[in-house]
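# Structure assessment
One-letter residues, chain by chain:
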Amino acid sequence: MKEMIKMVVVLTILSAFSGGLLASVRNGTKEKIENQELTFVKGPAIKTILAGASNDPIKDRFKIKDGDIENIFFVGVFDGKPSTVVFEVSGKGFADAFGLMVGINVETDKITSIGVTTHKETPGLGEKAKSDPSFAAQFQGLSPEKEMKVTNDGGAINAISGATITSRAVCVAATEACGIYKKIKPQIQEKLKEFSK
Amino acid sequence: MAKSIAKEFTKGLWDEIPPFRLVLGLCPVLGVTTTMQNGIGMGLATTFVLICSNILVSALRNIIPAKVRIACFIIIIATFVTVVELLMQAFTYQLFLQLGMFIPLIVVNCIVLGRAEAFAFKNNVLLSTVDGLGMGLGFTISLGALGGVREILGTGTFYGHALFGASFHPFAFMVQAPGAFLCLGLMLCIMNMFGEK
C-alpha cells in the first residue's frame, strides 16, 4: 500500500512539474513562434503568389466569417486594382494537417498560384509539394469551377513521385479553397472595393 | 574518477557510438539524414534531450519507484522533447520545418530511453551528464556523416554548397529511404572492418 501511494505521488508531482515547465516555455516562446510563422511560412508563400503586387499583402488583409471559420484574405494590388486574394486552407496530409495558400484572381476567376505553408510531410518526398515549384505551377490558371485531381484519379495534376497521398491532399485542399471562394465571392468583392485607390 | 569520466565520454564517440554500434533509434537516423545539416540539427536536438533527461533521471533515481520508472522516464523525456520543439520553432524555424515530425519522435527514440534505463538510473549525476553528452555527440557525428554521404551522392552538394559541375547527375536513390538503409549498412560494414579485434 505504501509503495502504491509513493508511485502515485511521484508520478503526479512529476507530471505537474512537467506541465508547469511546458506552460512557461510555451508562454515564453509563443510570440516569437508567431512571428517566425508569419515571416518564414506564410510570408514567403503569400509573397510568391502575389509577386509583382504594388502593395504589402501582409498588411493589406481582411477577414470574412464563413460559418464558424474565419478566413484571413491577403490582397494583391496589380496595376492599381486589387484583383487577387490569397487565403489559407488546411488539408489532411500524409503525416498531419498542412496549410495551403491559394491565390485567386477575382476578375478572371482563375487560380493564380498555390503554396504550401506549414506541413509535416516526409522530407524529400511529400515535402516537395512545398519546395518543388513545378508541382505548384500546375495549378496556375485553373478554374475554381472544376474539381482538381491527380492524373491517377483522372485529373490533370501530375503527382509528386513517391508522394501520391500528399499530392492528392493538396488537390483536395485547393478544391476546398475554391469552394470557399465561390461561396463568399460577393463578400470578397465587396471588401476588395475598400482597397482600390 | 577522472579516468572513468573520460571513459564514459569517449565510449559514446567510438566504442558504443550510436546508432552504428548499438543500432538503436534507427527511425530518425534513416528518416532525417537526407542532408548533412538536417542530420546535425537532429543530432543536436537529441543531444539536448539526452543530457537533460539523463541529469533528471539520475538526480531522481532514488525517488522514482522501480515499478513505474519507465512511465517516469517517458514523462521526463517527453517534456524535454516538447521544450526542444518549442525552442526550435522560436529560434531555428527553418530547421524545424525541415525536420518536421521527426522532432516529436525523439520521445520514442530508443537511445534516449535506453540511456535513462541502462545508465542514468544506476549512476550519479556527473557520470550521467557525461554519458549523455558523449552519446549525444556520437549520435550527432553519426547522423552528420550519414547525412553528408547521402547528400554528396544524392544531391551533389555538401552542407548546402554545390560540389560538382552542372554535368553531375544526382544519384537520387540515396536521398530516399532505401538509400538510407544501404548507406547505413555500408558504413556499419566499414566500421566493423576497422573495429575488428
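Residues numbered from 1 in each chain as written. Chains lettered and ligands numbered in written order. Predicted model: local features only at pLDDT ≥ 70, side-chain atom pairs only at ≥ 80, totals over all residues.

The secondary structure content of chain A amounts to four helices and five strands. Of the regular secondary structure in chain A, the N- to C-terminal order runs α-β-β-β-β-β-α-α-α. Considering chain A as a whole, with its 197 residues, one finds that 39% of them fall into the buried category. Excluding contacts between residues fewer than 6 apart, the proportion of contacts in chain A whose partners are at least 24 apart in sequence is 51%. (Helix = DSSP H or I, 4+ residues; strand = E, 2+ residues; numbered from the N terminus. Buried ≥ 20, exposed ≤ 12 C-beta atoms within 10 Å, placed from the backbone. Contact = placed C-beta atoms within 7 Å.)

Moving on: the pairing of strand S1 (residues 61–66) of chain A. Residues and elements named next belong to chain A. Across the six residues that make up S1, only a small minority, zero, are buried. Of the pairings in the sheet, the one linking S1 to strand S2 (residues 69–78) comprises six bridges and is antiparallel in character. Residue pairing in the sheet places arginine 61 in a bridge with phenylalanine 74 of S2. Here S1 folds back onto S2, and the loop between the two strands holds two residues, one of which, glycine 67, carries a positive phi near 65°. (Pairing = 2+ DSSP bridges.)

For the rest of this paragraph, the subject is the sheet that holds strand S4 (residues 97–105) of chain A. All names here are of chain A. With antiparallel pairing, five strands are arranged side by side in an open sheet as S1-S2-S3-S4-S5. The sheet terminates laterally at S1 and strand S5 (110–116), the two strands that pair on one side only. Here the strands of the sheet are splayed against their neighbours by 30° on average, with no regard to which way each runs. Alignment of S2 against strand S3 (residues 81–92), held across six bridges, turns out to be antiparallel. Across the sheet, the residue bridging to valine 77 is proline 82, located in S3. Against the sheet, helix H1 (residues 2–49) makes contact with S2, S3, S4 and S5, and its axis sits at roughly 155° relative to S5, the strand it touches most. Set on the sheet, helix H4 (residues 164–192) makes contact with S1, S2, S3, S4 and S5; between it and S3 the angle comes to about 140°. (Axes fitted to C-alpha atoms, helices over the stretch in contact; angles between N-to-C directions.)

A few words on H1 of chain A. Threonine 29 of chain A marks the point of greatest bend in H1 of chain A, at about 45°. Where H1 of chain A is concerned, the buried positions are Leu14, Gln36, Val41, Lys42, Ala45, Ile46 and Ile49 of chain A. The inward-facing, buried residues of H1 of chain A abut S2, S3, S4 and S5 of chain A together with helix H4 (69–91) and helix H5 (93–99) of chain B. (Bend = angle between axes of the 7 residues up to and from the residue.)

Each side of the interface is counted separately: chain B has 25 residues, and chain A has 24 residues. Of all the secondary structure elements, the ones that give two or more residues to the side of chain B that touches chain A are H4 and H5 of chain B. If you tally residues by element for the side of chain B that touches chain A, the top one is H4 of chain B, at ten residues. When grouped by side-chain class, the residues that make up the side of chain B that touches chain A number 15 nonpolar, nine polar and one charged. (Nonpolar A, V, L, I, M, F, W, Y, C, P; charged D, E, K, R; others polar.)

When pLDDT is averaged along chain B, the result is 87; 98% of the residues meet or exceed 70. Reported for the predicted complex are a pTM of 0.68 and an ipTM of 0.79. (pLDDT = per-residue confidence, 0-100.)

Quick look at the environment of asparagine 158 of chain A now. Residue and element names in this part refer to chain A. Structurally, asparagine 158 is set in the loop between helix H3 (133–137) and H4. Residues asparagine 158 and arginine 168, ten residues apart in the sequence, show an inter-C-alpha distance of 9.8 Å. The residues touching asparagine 158, leaving out its near neighbours within four places in the chain, are Gln138 and Thr151.

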